[in-house]
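Notes for the structure review
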Amino acid sequence: MSSQSLGSLSGRPVTITGLGAYLPSRVITNDDLSQTLDTSDEWIRQRTGIRERRIADPGLASSDLGVMAARSALADAGLAPEEVGLVVTATISPDQLMPATAARVAYQCGCLAAGAYDVSAGCSGFVFALAMASSAVAAGLEDHVLVVGAETISRILDWEDRSTAVLFGDGAGAAVVSAVEATRQGGPSGGDAGGSGRILGFDLGGDGSGADYLQIPAGGSRLPASCATVQARQHYMQMNGHEVYRFATRVVAESAARVLARCGRRTEDIDLFVPHQANLRIIEGAVKKLGIPEERVFTNVDRYGNTSCASIPLCLTEARAEGRLRPGDLVLLMGFGAGLSWGACLLEWGEGGV
Ligand SMILES: CC(C)(COP(=O)(O)OP(=O)(O)OC[C@H]1O[C@@H](n2cnc3c(N)ncnc32)[C@H](O)[C@@H]1OP(=O)(O)O)[C@@H](O)C(=O)NCCC(=O)NCCS
């Protein structure tokens, strides 16, 4: 065992050398939804903070969106696709149950030598994938790992269920995770060469007693697809909104405190808090409990809704573009969702972007 505390990343220093995002161009507003659902712009904005979301065109799958984000992240890192050793895709809306969505992302991006697998951890998936990628790089298994959060949640939503249909949107985000010693100058973001960027640690957790609160009941081995499951609309997402809300507002502050303690930092040290964009009310509740000033919290849920595994890399990409990430900034990422699951990551932003 290393002398470092559990959850803080030991081994080779690891950093993020590239970011990318992709959003479908088609915007669906709350008013658009109220044409077909018994809902209103006022109800949705008051309860969730969401004004509009993006929806992918028919025929596009999660891997297609993921490929767009991943290509941007690779270009941003100044990395050739064949230098990537692993591609990890986090998603709750995979192209298929088999093969992994990551296999198609890796192939389409030209990461032909890379191993590829998916992470299924609800909306916490991106942070879990980041932890797996960081561990592989820190341990010396790989120098560069491509982490992709990609979702076409519109395909697994019951568009007749107003309690879920108004909450989600499609999108993708990606990050290149690299060993600091393998970074170099020259990419559009300058990579991390000479920078102070480091992934510091994680807190990953779960509570399977809440597995039924957020689920797609049919289509797996528990309830295989049949005419009856299709008729009963059991291939769509179902949610107990109250329980998920209660869980999320509790767990964010607890997990944040754990990762800060593990890395020897304090809440006051956080320069930017990037929570999973599920719902503005959940974020506001968690921020109040945590005691982080509002101006240090990044949100875009109003424009994209809940994009599940894509939400955190989408936020990071936008935050950097808006100049809200400066070298040396302490950044807290926080995912939570189906499982139930949660994942926090603490990192220090570097010189050349990350
Ligand atoms: C979904 C959520 C916004 C519902 O808000 P809420 O204040 O708990 O609302 P309720 O579920 O109590 O419903 C209140 C009423 O609004 C109705 N309602 C539900 N969805 C509605 C909609 N889109 N438009 C209008 N009315 C709606 C309900 O039917 C209910 O009506 P009733 O009182 O006649 O029975 C809230 O529970 C939530 O945010 N949960 C977490 C969801 C989430 O983020 N999940 C993903 C986590 S990764």
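You'll find the structure just up there.
Keep in mind the model is a prediction, meaning the values are calculated, not measured.

Surrounding the ligand, one finds 22 residues, the nearest of these being T39, R47, R162, G241 and N279. Backbone polar atom of G241 to a nitrogen atom of the ligand: 3.0 Å apart, as the coordinates give it. Between the ligand and R281, the relevant distance is 3.4 Å, taken from an oxygen atom to a side-chain nitrogen or oxygen of the residue. Protein chains bury 73% of the 970 Å² of accessible surface belonging to the ligand in isolation. Looking at the shell around the ligand, the elements with two or more residues in it are α2 (41–48), α6 (162–165), α8 (241–262), α9 (280–290) and β12 (330–337). Of all the elements, α8 adds the most residues to the shell around the ligand, at four residues. Taken together, the residues that form the shell around the ligand break down as nine nonpolar, nine polar and four charged.

Further remarks concern the packing of α8 against α9. Two elements in contact, α8 and α9, have axes whose closest approach is 9 Å; the angle formed by their N-to-C orientations is 35°. The handedness of the crossing between α8 and α9 is right-handed. Every residue of α9 that contacts α8 at Y245, A248, T249, R250, V252, A253 and A256 is listed here: R281, I282, A286, K289 and L290.

It is worth spelling out the nonpolar core at this point. Membership of the largest hydrophobic core comes to 40 residues, with the highest contact counts inside it found for I199, V274, L316 and L333. The residues touching V274, leaving out its near neighbours within four places in the chain, are F298, I312, C315, L316, V331, L332, L333 and M334. Of all hydrophobic cores here, the second largest spans 28 residues; its members include A248, V251, V259 and W342.

On to the sheet that holds β12, then. Adjacent strands of a sheet pair through backbone hydrogen bonds, lying either parallel or antiparallel. Sheet architecture is open: four strands sit in the order β8-β13-β12-β11, paired in mixed fashion. The open sheet is flanked by β8 (198–206) and β11 (272–275), the only strands paired with a single partner. The mean inter-strand angle of the sheet, taken between neighbouring strand axes irrespective of direction, is 10°. In the sheet, β11 pairs with β12 via four bridges, with the strands oriented parallel. Considered in β12, the bridge of L272 is made with V331.

Before going further, it helps to examine the side chain of D170. Checked against the element boundaries, D170 lands in the loop between α6 and β7 (171–179). For the buried D170, no salt bridge is present, and the opposite-charge side chain at shortest range is R155, 4.3 Å distant. Side-chain polar atoms of D170 contact the backbone nitrogen of I153, separated by 2.8 Å. Within polar-contact distance, the side chain of D170 engages the side chain of S154 at 2.7 Å. Sequence-distant contacts of D170, defined by excluding residues within four places in its chain, comprise L23, P24, R54, I55, A56, L65, E151, T152, I153, S154, R155 and T307.

Let us now look at the side chain of E52. Locating E52 in the fold gives a position in strand β3 (residues 52–54). Buried charged residue E52 carries no salt bridge. Nearest counter-charge: R51, at 4.5 Å. When residues no more than four places from it in sequence are discounted, the contact partners of E52 are V27, I28, T29, N30, V301, D302, R303, Y304 and G305.

At their nearest, the axes of helix α3 (residues 62–77) and helix α4 (residues 101–109) sit 9 Å apart, and the two run at 45° to each other. Taken as axis vectors, α3 and α4 run oblique relative to one another. When the axes of α3 and α4 are compared, the crossing they make is right-handed. Residues S62, S63, V67, A70, R71 and L74 of α3 form the contact with α4, whose own contacting residues are T101, R104, V105, Q108 and C109. Classifying every residue of the contact of α3 with α4 gives five nonpolar, four polar and two charged.

What follows covers the pattern of salt bridges. A full pass over the atoms with the stated rule returns 19 salt bridges. Note that E268 is salt-bridged to R266, the shortest N-O span being 3.5 Å. The closest approach of N and O atoms between R326 and D329, which form a salt bridge, is 3.2 Å. Since its relative accessible area comes to 6%, D329 is described here as buried. A cluster of three or more residues bridged by salt bridges with shared partners is formed by R51, D302, R303 and E318.

The element strand β13 (residues 341–348) is extensively covered by neighbouring structure, given that eight of its eight residues are classed as buried. Residue alternation in β13 divides its side chains into two sets, S341, G343, C345 and L347 and W342, A344, L346 and E348, and both sets are buried. One ladder, built from eight bridges, connects β8 with β13; its direction is antiparallel. Following the sheet pairing, D203 is matched in β13 by A344. With eight bridges joining them, β12 and β13 adopt antiparallel strand pairing. Bridged to V331 within β13 is L347. Where β12 folds back on β13, the antiparallel hairpin that results is connected by three residues, among which G339 adopts a positive phi of roughly 145°.

Reading the values: the criteria
- Residues numbered from 1 in each chain as written.
- Predicted model: local features only at pLDDT ≥ 70, side-chain atom pairs only at ≥ 80, totals over all residues.
- Heavy atoms only, no water.
- Near = heavy atom within 4 Å.
- Polar contact = N/O pair within 3.5 Å; in protein donor to acceptor, adjacent residues only side chain to side chain.
- Areas by Shrake-Rupley, 256 points an atom, 1.4 Å probe, with all protein chains shown as cover.
- Helix = DSSP H or I, 4+ residues; strand = E, 2+ residues; numbered from the N terminus.
- Nonpolar A, V, L, I, M, F, W, Y, C, P; charged D, E, K, R; others polar.
- Axes fitted to C-alpha atoms, helices over the stretch in contact; angles between N-to-C directions.
- Left-handed = near helix turned anticlockwise from the far one by under 90°.
- Contact = heavy atoms within 4.5 Å.
- Core = buried A, V, L, I, M, F, W, Y, C linked by side-chain atoms within 4.5 Å.
- Buried < 20%, exposed > 50% of the residue type's maximum accessible area, 1.4 Å probe, protein only.
- Pairing = 2+ DSSP bridges.
- Lys, Arg positive; Asp, Glu negative; His and termini not counted.
- Salt bridge = Lys/Arg side-chain N within 4 Å of Asp/Glu carboxyl O.
- Parallel < 35°, antiparallel > 145°, perpendicular 65-115°, else oblique.

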